[in-house]
Amino acid sequence: MHQKKTHSISEYIKGNLDRKNVRWLLKDGEWMFEIHSKVWGSEEMFELYYPSYEYIKFNDKGSNPDKTKIK
């Protein structure tokens, strides 16, 4: 299972909403998901195109990943 970690709430919400709103098709007993318009991928490839996101709260007492100054 592919899982991306992020400090951004908007990236977390957008990534998980994109994953949730994917269109699915049952074709010949196999589930397919829509990659682009009229382009379908197998269920095994789903995690590569739509990984789940994990939100990690920014720790202001540790290292700063985006190198901005904390006040």
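Below is a summary of the structure that appears in this document. (Residues numbered from 1 in each chain as written. Predicted model: local features only at pLDDT ≥ 70, side-chain atom pairs only at ≥ 80, totals over all residues. Heavy atoms only, no water.)

Considering the side chain of S42
Here is step 1 of the chain: Within the fold, S42 resides in strand β4 (residues 39–42).
Here is step 2 of the chain: Every residue in contact with S42, bar those within four places of it in the chain, is listed here: E30, W31, M32 and F33. (Helix = DSSP H or I, 4+ residues; strand = E, 2+ residues; numbered from the N terminus. Contact = heavy atoms within 4.5 Å.)

Considering the sheet that holds β4
Here is step 1 of the chain: If you walk across this open sheet you meet the three strands as β2-β3-β4, and the pairing is antiparallel. For this open sheet the edge positions go to β2 (24–27) and β4, each flanked by a neighbour on one side alone. On average, each strand axis in the sheet is inclined to that of its neighbour by 45 degrees, with strand direction left out of account.
Here is step 2 of the chain: Here strand β3 (residues 30–36) pairs with β4 via four bridges, running antiparallel. Across the sheet, the residue bridging to H36 is V39, located in β4. (Pairing = 2+ DSSP bridges. Axes fitted to C-alpha atoms, helices over the stretch in contact; angles between N-to-C directions.)

Things to note about the environment of E11
Here is step 1 of the chain: Relative to the helices and strands, E11 resides in helix α1 (residues 9–20).
Here is step 2 of the chain: Look at E11 and you get partly exposed, because its relative accessible area is 37%.
Here is step 3 of the chain: In this structure the C-alpha to C-alpha distance between E11 and Y53, which are 42 residues apart in sequence, comes to 8.3 Å.
Here is step 4 of the chain: In contact with E11, other than residues within four places in its own chain, are T6 and Y53. (Buried < 20%, exposed > 50% of the residue type's maximum accessible area, 1.4 Å probe, protein only.)

Some remarks on the pairing of β2
Here is step 1 of the chain: As paired strands, β2 and β3 are joined by four bridges and run antiparallel to one another. Bridge pairing in β3 places L25 opposite M32.

Structural notes on the pattern of salt bridges
Here is step 1 of the chain: Summed over all chains, the structure comprises three salt bridges.
Here is step 2 of the chain: For the salt bridge of D18 with K14, the shortest nitrogen-to-oxygen distance reads 2.8 Å. Pair noted here: D18 and K14 are both in helix α1, with a separation of four residues, about one helical turn.
Here is step 3 of the chain: Here D18 falls in the partly exposed class, since its relative accessible area comes to 34%.
Here is step 4 of the chain: With a closest N to O distance of 3.4 Å, R23 and E34 form a salt bridge. Of this pair, R23 sits in the loop between α1 and β2 while E34 sits in strand β3, and the two are 11 residues apart along the sequence. (Salt bridge = Lys/Arg side-chain N within 4 Å of Asp/Glu carboxyl O.)

So yeah, pure geometry; function would need other evidence.
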